[in-house]
Number of protein chains: 2
Amino acid sequence: MYEAMCSAVKRAGAELVDPVDAEGLVWADPARPDLFPSTIQGADSLSWVQLPYAGIEPFAHHLDTRLRWTCGKGVYAPAVAETVLALILATCKNLHGYSRASTWSGPAGRQLANSRITVLGGGGIATSLLPLLAPFDCQTTVVRRSGAALPGADHTVTVDLLDDVLPETDILVLALALTRETTGMIDSRRMGLLPDDAWIVNVARGGHIVTDDLVAALTQRSIGGAALDVTDPEPLPDGHPLWSLPNCLITPHIGNTPETGLALLLPFVEENVRRFVEHRDLLATVDVALGY
Amino acid sequence: MYEAMCSAVKRAGAELVDPVDAEGLVWADPARPDLFPSTIQGADSLSWVQLPYAGIEPFAHHLDTRLRWTCGKGVYAPAVAETVLALILATCKNLHGYSRASTWSGPAGRQLANSRITVLGGGGIATSLLPLLAPFDCQTTVVRRSGAALPGADHTVTVDLLDDVLPETDILVLALALTRETTGMIDSRRMGLLPDDAWIVNVARGGHIVTDDLVAALTQRSIGGAALDVTDPEPLPDGHPLWSLPNCLITPHIGNTPETGLALLLPFVEENVRRFVEHRDLLATVDVALGY
């Protein structure tokens, strides 16, 4: 990743210098946010930091308004949207159940066509997912903070209407940023509003869901099931009840893989460096107050 | 199914009579093809039989050219195409593997976007599948007897070119009728032509694949894996090696379920009865010589 990022910076017409002399900083080691304070020490010319993440929680406590921050939000969305559709179709066709079987059984499952899909979050994932869902003639509702209509969605509503939408939802897709406001927003009360055959697909962050409430809902079958690419805690520890529930499918944060993720991030970083060099607006800017 | 079929026949403007007096016969019991000879005994006015199957193997030995035969080919295609995409995406995202896991693991899987998909068969399933694949910008090749271009496919080729297409295939979808010519056509030689990370998705009939050859290829990992909605033998017996191979996902012939299948078959039968009453061309006619 480091080498690839260096090439991207150079291709964009910028010069690679020591952090202390840098005007912009491209963070190429997602696993070591802790090194940030020492890295920028004495970097008095620094005005911009490009983070490699879509969700910037690992850096959240470093954010400050003296710098401009950009991240990878939206960049990985085409890859994540594929994972969402894979999980949606797997739940419709009971692939988690059949994968675990060692005997021929009866046909289970339902059609995705004409289902009611609610997407929580109106960012890149929703934008990339809607075209993938289009051939299925689903009834799609996007729930987002602003309520501004998202192209391709049948309905777009503001978050305060979420409780009205849940009872009319066959599949609830979580694809929003994790903030103070969205932490734990899918709790037992909201799961109770879903039809009892509804599935939850979470490709956002595990913290959006109150895990204990989810375990209870899955155990009591008050919802149909859950397909989780993210969990809380994450990684999900061995022996956790979610591992053994027949109506739960867990993937280990594969929304984007290192392989596909880097391929998407590189041209994006190159473009942002080019914009920085040319003093143009940057892409995927972080709102430090909102935290995403 | 019997009651629903009776209603469909009446809605189409036909009269329900005993078989012995019937001009047309709608076969509403898919599980009992053996009853056919006794049912039509003395039915001297009979000129048309509507079968409920997409593939008519259970009736194959009853076919004769004195009657006109129609079946359900193409009718279930929208439902089966959903299953095909579900299986394709499951193989791309390793959902069969993750479904079986009870511990957090690393990211595996690849993008479907820009993959090379070869569909064997140019009938209803291919026709319904191609629009579902369209948003993924795959390179699609349809292999069919006639070679007539299928709308939405990047390439359409005749069956004699199959061996040239296999080495350029990431995912091979079997969606063709089972006939003498197509039985066992995917054998060890042809699997050897596929890239070693290619997957086979079979929603047609188990007999298209030489099962022992498939078990060998999966065991030796000379192909990536197989997602099978149909098997040979079917049902797949307990303890069969395919059940325990990590790169094999088996679904028990769920391409269409009784629930979704009947909903698709009813309006189709109604339309065909109406056409019969009005002496118009029938849909989904069986070519007795070709056997589908």
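In this text, all values refer to a predicted model and were calculated from it rather than measured experimentally. (Residues numbered from 1 in each chain as written. Chains lettered and ligands numbered in written order. Predicted model: local features only at pLDDT ≥ 70, side-chain atom pairs only at ≥ 80, totals over all residues. Heavy atoms only, no water.)

Right, let's get into the side chain of B:Asn247. All names here are of chain B. Mapped onto the elements of the fold, Asn247 is located in the loop between strand 9 (225–228) and strand 10 (248–250). Look at Asn247 and you get buried, because its relative accessible area is 3%. Polar contacts involving the side chain of Asn247 include one to the main-chain carbonyl oxygen of Gly224, which spans 3.4 Å. Ignoring any residue separated from it by four or fewer positions in sequence, one finds Asn247 in contact with His96, Trp199, Leu218, Arg221, Ile223, Gly224, Gly225 and Ala226. (Helix = DSSP H or I, 4+ residues; strand = E, 2+ residues; numbered from the N terminus. Buried < 20%, exposed > 50% of the residue type's maximum accessible area, 1.4 Å probe, protein only. Polar contact = N/O pair within 3.5 Å; in protein donor to acceptor, adjacent residues only side chain to side chain. Contact = heavy atoms within 4.5 Å.)

A few words now on the pattern of salt bridges. Oppositely charged side chains can form a pair if their charged atoms are brought close together. What the rule picks out here adds up to 29 salt bridges over all chains. Across the pair A:Arg190 and A:Asp163 runs a salt bridge whose closest N-O atoms are separated by 2.7 Å. Here A:Arg190, found in helix 7 (residues 188–193), pairs with A:Asp163, found in helix 6 (residues 162–165); they are 27 residues apart in sequence, far enough to count as distant. Overall, A:Arg190 belongs to the buried group, its relative accessible area being 17%. B:Arg116 is paired through a salt bridge with B:Asp170; the nearest N and O atoms lie 2.9 Å apart. (Salt bridge = Lys/Arg side-chain N within 4 Å of Asp/Glu carboxyl O.)

Here we come to the packing of aromatic side chains. Both the distance between ring centres and the angle between the ring planes are used here to describe each pair of aromatic rings. Scanning the model with the defined rule gives 14 aromatic pairs over all chains in all. Centre to centre, the rings of B:Phe36 and B:Phe59 are 5.2 Å apart; their planes meet at 70 degrees, and the pair counts as edge-to-face. With a gap of 23 residues between them, B:Phe36 in helix 2 (residues 36–39) and B:Phe59 in the loop between strand 2 (48–50) and strand 3 (68–70) connect regions that are remote in the sequence. A single burial state applies to B:Phe36 and to B:Phe59, both of which are buried. A relative accessible area of 0% means that B:Phe59 is categorised as buried. Members of the aromatic cluster, connected to one another through ring pairs, are A:Trp27, A:Phe36, A:Tyr53, A:Phe59 and A:Trp69. (Phe/Tyr/Trp six-rings, centres within 6.5 Å; stacked < 30°, edge-to-face > 60°.)

So, about helix 8 (residues 211–220) of chain B. Residue and element names in this part refer to chain B. Turning to helix 8, its buried residues are Thr211, Leu214, Val215, Ala217 and Leu218. Seen from one end, helix 8 has its buried residues packed into an arc of 165 degrees, which puts them on one side. Those residues of helix 8 that are exposed and angled more than 90 degrees off the buried face are Asp212, Thr219 and Gln220. If you follow the buried residues of helix 8, they end up packed against helix 7 (188–193), strand 8 (199–202), strand 9 and strand 10. Positive phi appears at Arg221, one or two residues downstream of helix 8, with a value of about 55 degrees. (Arc of directions from axis to C-beta.)

Attention now goes to the relation of the copies chain B and chain A. In screw terms, the move from chain B to chain A is a rotation of 180 degrees and a rise of 0.0 Å along the axis, fitting with an RMSD of 0.0 Å. Taken together, these values place the two copies in the relation of a two-fold axis. Here 100% of the interface residues in chain B have copies in chain A that are interface residues too; the copies meet face to matching face. (Least-squares fit on C-alpha atoms with pLDDT ≥ 70 in both.)

Turning our attention to helix 3 (residues 77–92) of chain A. Residues and elements named next belong to chain A. A rise of 1.5 Å per residue sets the reference length of helix 3, with its 16 residues, at 22 Å; its end C-alpha atoms lie 22 Å apart and thus fit the reference within 8%. Across the 16 residues that make up helix 3, a large majority, 15, are buried. Just past helix 3, the residue Asn94 takes up positive phi, approximately 60 degrees. (Expected span 1.5 Å × (residues − 1).)

Quick look at the sheet that holds strand 3 of chain B now. All names here are of chain B. Pairing within the open sheet is parallel, and its three strands lie in the order 1-2-3. Since the sheet does not close on itself, it has two edges, and those belong to strand 1 (24–26) and strand 3, each with one partner. For this sheet the average axis-to-axis angle between neighbouring strands, irrespective of direction, equals 15 degrees. One ladder, built from three bridges, connects strand 2 with strand 3; its direction is parallel. When the bridges of strand 3 are listed, Trp48 appears paired with Arg68. (Pairing = 2+ DSSP bridges. Axes fitted to C-alpha atoms, helices over the stretch in contact; angles between N-to-C directions.)

A few words on the packing of helix 3 of chain A against helix 3 (residues 77–92) of chain B. Where helix 3 of chain A meets helix 3 of chain B, the closest approach of the two axes is 9 Å, and the angle between their N-to-C directions is 125 degrees. By the angle class used here, helix 3 of chain A and helix 3 of chain B are oblique. The hand of the helix 3 of chain A/helix 3 of chain B crossing is left-handed. Between helix 3 of chain A, through A:Glu82, A:Leu85, A:Ala86 and A:Leu89, and helix 3 of chain B, the contact on the second element is made entirely by B:Glu82, B:Leu85, B:Ala86 and B:Leu89. Its residues assigned to classes, the contact of helix 3 of chain A with helix 3 of chain B shows six nonpolar, no polar and two charged. (Parallel < 35°, antiparallel > 145°, perpendicular 65-115°, else oblique. Left-handed = near helix turned anticlockwise from the far one by under 90°. Nonpolar A, V, L, I, M, F, W, Y, C, P; charged D, E, K, R; others polar.)

Turning to the domain arrangement of chain A, a few remarks are in order. All names here are of chain A. Each assigned domain of chain A is listed with its residue range as follows: domain 1 (2–75 + 257–277) and domain 2 (77–250). If you average the C-alpha positions of domain 1 and of domain 2, the two centres end up 31 Å apart. Summed over both partners, the interface of domain 1 with domain 2 buries about 410 Å², with 51% contributed by carbon and sulfur atoms. For the domain 1 face of the interface with domain 2, the top three residues by lost area are Glu57, Gly74 and Leu264, together amounting to 72%. Seen at the junction of domain 1 and domain 2, the total is one salt bridge. In this structure, Glu57 and Arg205 form a salt bridge, with 2.8 Å as the shortest nitrogen-oxygen distance. Where domain 1 meets domain 2, there are three residue pairs in polar contact (both at pLDDT 80 or more). (Domains from an automatic or database assignment. Buried area = accessible area lost by both parts, 1.4 Å probe.)

Moving on, we get to the interface of chain B and chain A. Taken together, the 49 residues of chain B in the interface contact 49 residues of chain A. The junction of chain B with chain A conceals about 3,900 Å² of combined surface from both sides, 69% of it contributed by carbon and sulfur atoms. Its largest share of buried area at the contact with chain A, chain B owes to B:Glu82, B:Trp104 and B:Pro252, together 21% of the area lost on that side. In this assembly, chain B and chain A are joined by two salt bridges. Residue A:Glu82 pairs with B:Lys93 through a salt bridge whose shortest N-O separation is 2.9 Å. The interface formed by chain B and chain A holds ten residue pairs in polar contact (both at pLDDT 80 or more) in total. Listing elements by their share of the side of chain B that touches chain A, those giving two or more residues are helix 3, helix 4 (95–100), helix 5 (124–133), strand 10 and helix 9 (258–277) of chain B. Here the side of chain B that touches chain A gets nine residues from one element, more than from any other, and that element is helix 3 of chain B. Each residue belonging to the side of chain B that touches chain A can be placed in one class, and the counts come to 27 nonpolar, 14 polar and eight charged.

Cis geometry marks the peptide bond from A:Asp232 to A:Pro233, where omega comes out at 5 degrees. Mapped onto the secondary structure, A:Pro233 falls in the loop between strand 9 (225–228) and strand 10 (248–250). Non-glycine residue B:His279 carries a positive phi angle of around 55 degrees. Tracing the backbone shows B:His279 in the segment after helix 9.

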